[in-house]
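# Structure assessment
Residue-level listing of the chains:
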Amino acid sequence: RDRLAHLEVLLQKEITILELGSRIQSEVQSEIGKNQREHLLREQMKVIQRELGEGDDRAAEAVELRGKVRKAKMTTEAEKVALDEIDRLLRIPVGSSEYTVARTYVDWLVALPWAVLTKDQLDLLKARRILDEDHDGLDKVKERILEYLAVRKLKPDSRGPILCFVGPPGVGKTSLGRSIARAMGRKFVRLSLGGVRDEAEIRGHRRTYVGALPGRVLQSLRKAASRNPIFMLDEIDKLGIDFRGDPASALLEVLDPEQNFAFSDHYLEVAFDLSRVMFITTANLLDPIPPALHDRMEVLELPGYTEEEKLRIARNHLIPKQVEEHGLGARRLSFSDDAIRRIITSYTREAGLRNLEREIGNICRKVARAVAERRSAPTRITPAIVARWLGVAQFESEVADRCASPGVATGLAWTMSGGELLFIEATAMKGGKDLRLTGHLGDVMKESAMAALSYIRANSAAMRLDEDYFHKHDIHIHVPAGAIPKDGPSAGITITVALVSLLLGRPVRPDIALTGEITLRGKVLPVGGIKEKVLAARRGGIRTVLLPARNRKDLKEVPAAVTKGMKFVFIDRIDDALVHVFDRAGRGAKQNTGPARADRAPRPRDQRPTPTRPGAPAPRPEVRP
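This report concerns the structure included in the present document. Predicted, not measured: the structure shown is a model, and the values here were computed from it.

## Here we look at the side chain of Asp-120
Structurally, Asp-120 is set in the loop between helix H4 (97–111) and helix H5 (124–134). Here Asp-120 falls in the buried class, since its relative accessible area comes to 11%. Engagement of the side chain of Asp-120 in a polar contact is seen with the side chain of Arg-152, the distance being 2.9 Å. If we ignore the near neighbours within four places in the chain, the residues touching Asp-120 are Arg-152, Met-184, Arg-186 and Asn-228.

Below you can see the structure in the form of structure tokens.
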């Protein structure tokens, strides 16, 4: 009995071992059977495809792809990657999602213009004629394009420049790119960067993502089917930084001739040469562009058009275009120069031409309606017809805003739409030496007002002012059009003149305007936007403009037709400006003096004018030069 009990334990152990071995053997045979089944099914599928005549399709497809790769004339690196991917395609089942990814990748590689180049038109006279046909003026930009063509003629393998057209809206930056492409005989590609916040829009997505594609740079080159097009990156100052990346930083490699010859897209992961592409970027402002990106571009400014340039462009380009688009023949409709000027001055206020073209189109629509209704329609548009059809004038002359009362000075400001007159008003009231600034002013402009007041208070003795005046009065400076934000240092000299006019009780000449930044030492520093400001002065009927002495060189960019009949006075110090801004005849003057220079010796007491407080009658001494 004891032996049988011991034997039972041994037998149970042996049975357990046998059952475990049997289960393992069964699982192994099942796995082997599954693999054999799949292999058998694949072999049967091959036989079926061979019987149906479909067995060689994938092999033929691979041969076709290899031929496309050789025909594309890729770089050695790209060709090796493409051939390896084709070999991998043959090992991937057609129904697999990986097969679609690999096939799309190969298609993109062979579709890019690796060796396709258009031949440049290097006839400089023909290129100049085409540029002049499409755009009036813009001589600086045209000269730069002709210089590039000249270099290409002497050195065909030169790299394309990176140009940046900066100017207000509507001056023709985008259309100028098309004109350049036509002049050079190249393809034109435009990529709008406004609102682009994803870095992958520039450099593409990696292939690990579903639906990945190359960046829009390579997509545009594939569409152009050329490796040397004119590539316009529009509105580069509208790029944004997001959690998805910084597209401005992604453009650093694209817009660098020292790096873009081996541009690497995240999708392709092979180098593509962008050095033959001529990149042109456009922007309204340079401030939003990152410094590193700004440094890679050659900036060409396109300022606003003058009234004469608008008249010429409207006559030669806009009116024929609108007449044609509205179905009106040249014999049916024409515009007089006075009518065009009326539209420019009374119904548009812009640096560009978009609103002018809209108003011309508005008149053309009214003529077209009259013709369609078989009513009498004018064949020549006059100012009276313009006033009747376009209604009340939208903009009035800025001359009406000027007045010859103390404490008011006319400044010049730059805006995205061109130059504007800026009227600065100052008044004083009894109080406790407080300075109030109104008119939606920015921090820089407020600091300019504080600097102007500090300079005047520091020189109050030389200006023959009561030293206790500032302790007993509040000063209020206001810039009209308070709903419009205003900022910048260029109004410093105008604020100073307005304050001096208030404190001396002498009106500023209404036919004079100023611009310039000031310092506490009385220096007048240079400012920007001189052309736009001069245009605004001429439009407002001002014929004398005071500019900083170091802006003398900027006046060369203003057309001679604008400066004709105007007087420009270049000033280096604040007291130089005060000599010119007051009426020399002394009409309405209470005191005819100004602050003396710090380096000028004071005159003897018996030669000084009688000290007076602002607003008190005083004799009329001579004006010191």
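## Some thoughts on the pattern of salt bridges
Summed over the entire model, instances satisfying the criterion amount to 37 salt bridges. The salt bridge involving Arg-341 is made with Glu-308; its shortest N-O contact spans 3.0 Å. Of the two residues, Arg-341 sits in helix H13 (residues 337–346) while Glu-308 sits in helix H12 (residues 307–325), which places them 33 residues apart along the sequence. Look at Arg-341 and you get partly exposed, because its relative accessible area is 26%. One network of salt bridges, with partners in common, ties together Glu-85, Arg-88, Glu-98, Arg-206, Arg-207 and Glu-269.

## Comments concerning the sheet that holds strand E3 (residues 230–234)
With respect to topology, five strands assemble into an open sheet ordered E2-E3-E6-E1-E7, the strand pairing being parallel. Taken across any chain shown, the strands that pair with only one partner, and hence form the sheet edges, are strand E2 (188–192) and strand E7 (298–301). Sheet twist, expressed as the average angle between the axes of neighbouring strands with direction ignored, equals 20 degrees. Running over the sheet, helix H6 (residues 139–154) touches strand E1 (162–166), strand E6 (278–283) and E7 and is turned about 145 degrees from E7. Contacts between helix H7 (residues 173–184) and the sheet are confined to E1, E2, E3 and E6, with E3 contributing the most and set at about 175 degrees to the helix.

## Notes on helix H9 (residues 216–224)
An α-helical segment advances 3.6 residues per turn. Residues three or four places apart therefore align on the same side. Where H9 is concerned, the buried positions are Val-217, Leu-218, Ser-220, Leu-221 and Ala-224. Axial view of H9: buried residues confined to an arc of 155 degrees, hence all on one face. The elements touched by buried residues of H9 are E2, helix H8 (200–203), E3, strand E4 (263–264) and strand E5 (271–272). After H9 finishes, the residue Ala-225 shows a positive phi value of roughly 55 degrees.

## Observations regarding the nonpolar core
Taken as a class, soluble globular proteins show a tendency for nonpolar side chains to be buried jointly. In this structure, Ile-236, Leu-251 and Leu-255 are the most contacted members of the largest nonpolar core, which totals 53 residues. Per-element accounting of this core gives the leading share, seven residues, to H4. With sequence-adjacent residues up to four places away left out, Ile-236 is seen in contact with Leu-193, Leu-251, Leu-255, Thr-281, Thr-282, Ala-283, Ile-289, Leu-293 and Met-297. Leu-300, Ala-314, Tyr-347 and Leu-390 belong to the second-largest nonpolar core, a separate cluster that totals 48 residues.

## Let's talk about helix H10 (residues 247–254)
Extensive coverage of H10 is indicated by the burial of six of its eight residues. Considered for burial, the residues of H10 that qualify are Pro-247, Ala-248, Ala-250, Leu-251, Glu-253 and Val-254. Elements in contact with the buried residues of H10: H8, E3, E4, E6 and helix H11 (291–295). The N-terminus of H10 is capped by Asp-246, whose side-chain oxygen sits 3.2 Å from the backbone nitrogen of Ala-248.

## So, the packing of aromatic side chains
Across all of its chains, the model carries four aromatic pairs by this definition. Arranged with centres 5.4 Å apart and planes meeting at 40 degrees, the rings of Phe-231 and Phe-279 form a pair that is tilted. Residue Phe-231 is found in strand E3, and its partner Phe-279 is found in strand E6; the two are separated by 48 residues along the sequence. Residue classification places Phe-231 among the buried positions, given a relative accessible area of 0%. Its relative accessible area of 1% is what places Phe-279 among the buried residues. Ring centres 5.7 Å apart and planes at 85 degrees place the aromatic pair Tyr-469 and Phe-470 in the edge-to-face group. The exposure class assigned to Tyr-469 is buried, which follows from its relative accessible area of 7%.

The rules behind the values
- Residues numbered from 1 in each chain as written.
- Predicted model: local features only at pLDDT ≥ 70, side-chain atom pairs only at ≥ 80, totals over all residues.
- Heavy atoms only, no water.
- Helix = DSSP H or I, 4+ residues; strand = E, 2+ residues; numbered from the N terminus.
- Buried < 20%, exposed > 50% of the residue type's maximum accessible area, 1.4 Å probe, protein only.
- Polar contact = N/O pair within 3.5 Å; in protein donor to acceptor, adjacent residues only side chain to side chain.
- Contact = heavy atoms within 4.5 Å.
- Salt bridge = Lys/Arg side-chain N within 4 Å of Asp/Glu carboxyl O.
- Pairing = 2+ DSSP bridges.
- Axes fitted to C-alpha atoms, helices over the stretch in contact; angles between N-to-C directions.
- Arc of directions from axis to C-beta.
- Core = buried A, V, L, I, M, F, W, Y, C linked by side-chain atoms within 4.5 Å.
- Phe/Tyr/Trp six-rings, centres within 6.5 Å; stacked < 30°, edge-to-face > 60°.

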